[in-house]
Amino acid sequence: MCLTARSTGPCNTSVPDISDMKTETISGICGLVVFLAMIRCIAEPLRLQHFSSDPVPLPAIEPFLYGAFVSALVFGGMVIVHIKKQYKLNIILCVLNTLILIFLKIKYQL
């Protein structure tokens, strides 16, 4: 029996809260955003090489390599956190990844 005033049947505690479902959805979207950022950081040096007649020097692609490395680490962490169902930490990792990529962009003035 449920211990509420109006309920006479068994409690249904398996129904998730709406805010938990929204947090899980936002967490999944954050995972997609970080994955796409990683793909973008990996593809940018290839795009630069494709449209350049000269070989692209390492200092020109260094910030993209750093960004891809950071995004790969964060994405790996997000997968582990998502498996453990800590969705709010997943969202925090996405925001942290975005801030690091913005910092790299400002530092290298791209």
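Chains are numbered independently. Their residues run from 1 in the order of the written sequence. Selection of residues for local features in this predicted model requires a pLDDT of at least 70, selection of side-chain atom pairs for listing and counting requires 80 or more, and totals for whole chains, interfaces and linings are taken over all residues. For side-chain calculations, the full set of non-hydrogen atoms in the structure is used, while hydrogens and water are omitted.

**With respect to the overall build of the protein**
Counting its regular elements, the protein contains three helices and zero strands. A run of DSSP states H or I qualifies as a helix once it reaches four residues; a run of E qualifies as a strand once it reaches two. Both are numbered from the N-terminal end. Taken from N to C terminus, the helices and strands of the protein fall in the order α-α-α. Contacts: residue pairs with any heavy atoms within 4.5 Å of one another. Across the protein, every contact between residues at least 6 apart in sequence was considered, and the portion connecting residues at least 24 apart equals 63%. For the area figures, the Shrake-Rupley method with a 1.4 Å probe applies, and any residue is considered shielded solely by the protein chains shown. With the model as given, the accessible surface of the protein reaches about 8,100 Å², and the carbon-plus-sulfur share is 70%.

**Thoughts on the nonpolar core**
Soluble, globular proteins show a tendency: their nonpolar side chains are buried together. By size, the foremost hydrophobic cluster in this structure holds eight residues: Cys30, Val34, Val70, Val74, Met78, Val81, Leu93 and Cys94. If you list the elements that add at least two residues to this core, you get α1 (18-50), α2 (58-83) and α3 (87-108). Ranked by residue count, the leading element in this core is α2, at four residues. Once you skip the residues sitting within four places of it in the chain, Val70 turns out to touch Asn97 and Ile100. Grouped together as the second largest cluster of nonpolar side chains are five residues, Ala37, Ala68, Leu101 and Leu104 included. Note on terminology: a nonpolar core comprises buried Ala, Val, Leu, Ile, Met, Phe, Trp, Tyr and Cys residues joined through side-chain atoms within 4.5 Å. Accessibility here uses a 1.4 Å probe with only protein chains present; expressed as a share of the type maximum, an area under 20% marks a residue as buried, one over 50% as exposed, and anything in between as partly exposed.

**Some details on the pattern of salt bridges**
Any Lys or Arg side-chain nitrogen found within 4 Å of a carboxyl oxygen on Asp or Glu counts as a salt bridge. Going through the model one piece at a time under the given rule, you end up with two salt bridges. Salt-bridge contacts for Arg40 lead to Glu44; the nearest nitrogen and oxygen are separated by 2.4 Å. In this pair, Arg40 and Glu44 both sit in helix α1, four residues apart, roughly one turn of the helix. The exposure class of Arg40 is exposed, given its relative accessible area of 54%. Judged by relative accessible area, which is 6%, Glu44 ranks as buried. Between Glu44 and Arg47 there is a salt bridge, and its shortest N-O distance comes to 2.5 Å. Within this pair, Glu44 and its partner Arg47 are both found in helix α1, separated by three residues, close to a single helical turn. According to the relative accessible area criterion, Arg47 is partly exposed, its value standing at 40%. Linked through salt bridges whose partners overlap, the residues forming this network are Arg40, Glu44 and Arg47.

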